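# Examination of the molecular architecture
Next come the chains, spelled out residue by residue.
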Amino acid sequence: MRSDQLRRLIRETLKSSPPNLYSLAAENLLLGTAAHESGGFQYLYQVNGPALGFFQMEPATLDDLYTHYLAYKPELRHALEILRPRALKRPEALSGCLAYSIVAARLHYYRFPEPMPENAHDIEQLAALYKRRWNTTAGKATETDFIDAYARYVKG
């Protein structure tokens, strides 16, 4: 997939979801996350692992999102659930429905209280947020991996 196509889908999906999910910084953060996690928008299934979709969200992360965040935010849970095709169970929807995976990824970042960077184009700040909240300090990806993937697959 081309990054401009995914960018458009991210923008349209987030703008049609609850009003506070879209920002240009969130759009860039999700693009960078997908660029790195999916190997340049190539993989919907992690090689030798459980992660699914362009964002490579693990089923355990999705379950945690539902259990510890969306259980207390019914309007956000509904916004995510209406995107999931009935034929797909929750984890499978991450690879089978782009809109569902976009909103799930955005909600994962949204659940944390820290704001998006003020400068939506500050890739270093976006990379730091990615590392803290998506990959975590225990994960093997680095901020440099995010920055490199963004430069190669999003701006390139």
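Scroll up for the structure.
So, here is what we can say about the structure in this document. Bear in mind that the values here come from a model prediction, so they are computed numbers and not experimental data.

### Quick notes on the packing of aromatic side chains
- For the coordinates displayed, the defined rule picks out five aromatic pairs.
- Look at Phe41 and Phe54: their rings are 6.3 Å apart centre to centre, the planes differ by 90°, and that puts the pair in the edge-to-face class. On the criterion of sequence distance, the pair formed by Phe41 in the loop between helix 2 (24-37) and helix 3 (59-68) and Phe54 in the loop between helix 2 and helix 3 is long-range, its members being 13 residues apart.
- On the accessibility criterion, Phe41 (5% relative accessible area) is buried.
- Judged by its relative accessible area of 7%, Phe54 is buried.
- Considering the side-chain rings of Phe146 and Tyr150, the 6.4 Å spacing of their centres and the 20° angle between planes classify their relative orientation as stacked. One end of the pair, Phe146, and the other, Tyr150, are both in helix 8 (residues 143-154), four residues apart, so they sit about a helical turn from each other.

### Quick word on the layout of surface pockets
- Roughly 550 Å³ of volume is contained in the largest pocket.
- Around the largest pocket, the lining comprises 18 residues; the ones closest to its centre are Glu37, Gln46, Gln56, Glu58 and Asn135.
- Those elements that place two or more of their residues in the lining of the largest pocket are helix 2 and helix 7 (123-135).
- By residue number, the principal contributor to the lining of the largest pocket is helix 7, which donates three residues.
- For the lining of the largest pocket, the residue count by class is four nonpolar, nine polar and five charged.

### A short note on the packing of helix 2 against helix 8
- Two elements in contact, helix 2 and helix 8, have axes separated by 8 Å at closest approach and are oriented at 95°. Taken together, the axes of helix 2 and helix 8 lie roughly perpendicular to each other. Touching Asn28, Leu29, Leu31, Gly32, Thr33, Ala35 and His36 of helix 2 are Asp145, Phe146, Ala149, Tyr150, Tyr153 and Val154, all from helix 8.
- Grouping the amino acids of the contact of helix 2 with helix 8 by side-chain chemistry returns eight nonpolar, four polar and one charged.

Conventions adopted
Counting restarts for each chain: residues are numbered from 1 in the order of the written sequence. A pLDDT threshold of at least 70 governs which residues receive local features in this predicted model, and a stricter bar of 80 or more applies before side-chain atom pairs are shown or counted, although totals over entire chains, interfaces and linings include all residues. The basis for every side-chain value is the complete set of non-hydrogen atoms in the structure, without hydrogens or water. Here is the rule: rings of Phe, Tyr and Trp (six-membered ring for Trp) pair when centre to centre is within 6.5 Å. Planes less than 30 degrees apart are stacked, more than 60 are edge-to-face, and the remainder are tilted. A helix here means a DSSP run of H or I that spans at least four residues, while a strand means a run of E at least two residues long, and both kinds are numbered starting from the N terminus. In this scheme, a residue with accessible area under 20% of its type's maximum is buried, one over 50% is exposed, and one in between is partly exposed, where area comes from a 1.4 Å probe on protein chains only. The definitions used throughout rest on a 1 Å grid laid over the protein atoms alone, on which a cavity is an enclosed set of points accommodating a 1.4 Å probe that cannot get out and a pocket is an open set flanked by protein within 12 Å on both sides along at least five of seven lines; lining residues are those having an atom within 4 Å of a point. Grid points are joined across faces, edges and corners, and a volume is the space filled by probe spheres set on the points. Residues are sorted three ways: Asp, Glu, Lys and Arg are charged, Ala, Val, Leu, Ile, Met, Phe, Trp, Tyr, Cys and Pro are nonpolar, and all the rest, Gly among them, are polar. Helix axes use the C-alpha atoms of the stretch in contact, all axes being lines fitted to C-alpha atoms, and the angles between their N-to-C directions lie in the range 0 to 180 degrees. For classification purposes, an angle smaller than 35 degrees is called roughly parallel, one larger than 145 roughly antiparallel, one from 65 to 115 roughly perpendicular, and anything else oblique. Should any heavy atoms of two residues lie within 4.5 Å, those residues are counted as being in contact.

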